[in-house]
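Single-letter residue listing:
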Amino acid sequence: MDPQGIIIGDDGLARPAWASTDPLLREYYDTEWGLPVRDEHGLYERISLEAFQAGLSWVTILRKRPAFRAAFADFNPDTVAAFTEDDVERLLQDPGIVRNRLKIRAAVTNAQATIALRDEGGLVDFVWQFQPSATPTPLTYADVPTQSPESAALSKALRKKGFAFVGPTTMFALMEAIGMVDTHLVDSHRRGTSGVWI
């Protein structure tokens, strides 16, 4: 089977190769990836995890997600925004998470920026205003873009608001994860299930 295309699972459902074998990835693909996230807490968590994922595989982050949630107060922006340099040092000793000082500091910075955005309508409305007017229709993973004009614009806008680790590629991954674009392969059983794109 072409690893760029679709694999029919033992349950008869069509999934991309990356979501076909590892049970954790399969569960994530079937129940979470690409579904709309329209609450501040959920969106802050996704931004944080996408930042930690930069340069790593997503399955690494997914396996560590319970430890990340424990380390970052379940990604409560108000709690994380109050983290001190002592907290950063404590987190750098936590083997359950990705121990990268810049990424840990970015999670704190981004929590503070999330709170600041509440005066302007909030993180959710700010991010979702960059939803494009059309979504890709990939047949294979070679057809899936890694960034877009909208992800570049979102990246620039978030950086202006004080966010870190929000580059155009990371923001396109966020847009995929939260349903702002639908990059499920056309033949996947999940294509069109977000309710955002018909």
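Predicted, not measured: the structure shown is a model, and the values here were computed from it.

What counts, and at which threshold
- Every chain's residues receive numbers from 1 upward, in the order its sequence appears when written.
- In view of the model being predicted, local features appear only for residues whose pLDDT reaches at least 70, and side-chain atom pairs are presented and counted only at 80 or more, with totals across whole chains, interfaces and linings using the full set of residues.
- Only heavy atoms go into the side-chain values, all of them from the structure, while hydrogens and water stay out.
- Joining through side-chain atoms within 4.5 Å is the link that ties buried Ala, Val, Leu, Ile, Met, Phe, Trp, Tyr and Cys residues into a set, and such a set is a nonpolar core.
- Relative accessible area decides the class of each residue, using a 1.4 Å probe on protein chains only: under 20% of the type maximum gives buried, over 50% gives exposed, and in between gives partly exposed.
- We call two residues in contact whenever any of their non-hydrogen atoms come within 4.5 Å of each other.
- Axes, fitted as lines to C-alpha atoms, cover a helix only where it is in contact. Angles between the N-to-C directions of the axes lie from 0 to 180 degrees.
- Strands here mean DSSP runs of E at least two residues long; helices mean DSSP runs of H or I at least four residues long; both are numbered from the N terminus.
- Here is the rule for angles: anything less than 35 degrees is roughly parallel, anything more than 145 is roughly antiparallel, 65 through 115 is roughly perpendicular, and the remaining ranges are oblique.
- Note on convention: near helix rotated counterclockwise from far helix by under a right angle means a left-handed crossing. Clockwise means right-handed.
- All amino acids are sorted into three groups, where Ala, Val, Leu, Ile, Met, Phe, Trp, Tyr, Cys and Pro are nonpolar, Asp, Glu, Lys and Arg are charged, and the leftover types, Gly among them, are polar.
- Multiplying 1.5 Å by the helix residue count minus one yields the expected span of that helix.
- Note on bend: the value at a residue is the angle between axes fitted to the seven residues ending there and to the seven starting there.

(A) View of the nonpolar core. Grouped together as the largest cluster of nonpolar side chains are 54 residues, with contacts concentrated most on Leu43, Phe68, Phe72 and Leu123. Setting aside residues up to four positions removed in sequence, Phe72 forms contacts with Phe52, Val80, Phe83, Leu91, Ile97, Ile104 and Ala107.

(B) Focus on the packing of helix H2 (residues 40–53) against helix H3 (residues 58–71). Packing of H2 against H3 brings their axes to within 10 Å, and their N-to-C directions diverge by 130°. The angle between H2 and H3 falls in the class oblique. Classified by chirality, the crossing of H3 by H2 is right-handed. Two secondary-structure elements touch here, H2 through Glu45, Leu49, Glu50, Phe52 and Gln53 and H3 through Trp58, Ile61, Arg65, Phe68 and Arg69. Here the residues of the contact of H2 with H3 sort into five nonpolar, one polar and four charged.

(C) H3, seen in detail. Taking 1.5 Å of rise per residue, the 14 residues of H3 would be expected to cover 20 Å, and the 18 Å separating its terminal C-alpha atoms lies within 8% of that figure. The axis of H3 is deflected most strongly, by about 55°, at Arg65, and proline Pro66 appears within four residues downstream. Listed in full, the buried residues belonging to H3 are Trp58, Val59, Ile61, Leu62, Arg65, Phe68 and Ala71. Of the surrounding elements, those touching the buried residues of H3 are helix H1 (23–31), H2 and helix H5 (85–92).

(D) Geometry of the side chain of Arg46. Turning to its location among the elements, Arg46 is positioned in helix H2. With a relative accessible area of 16%, Arg46 lands in the buried category. Leaving out residues up to four positions away in the same chain, Arg46 has contacts with Glu32, Val37, Leu174 and Ile178.

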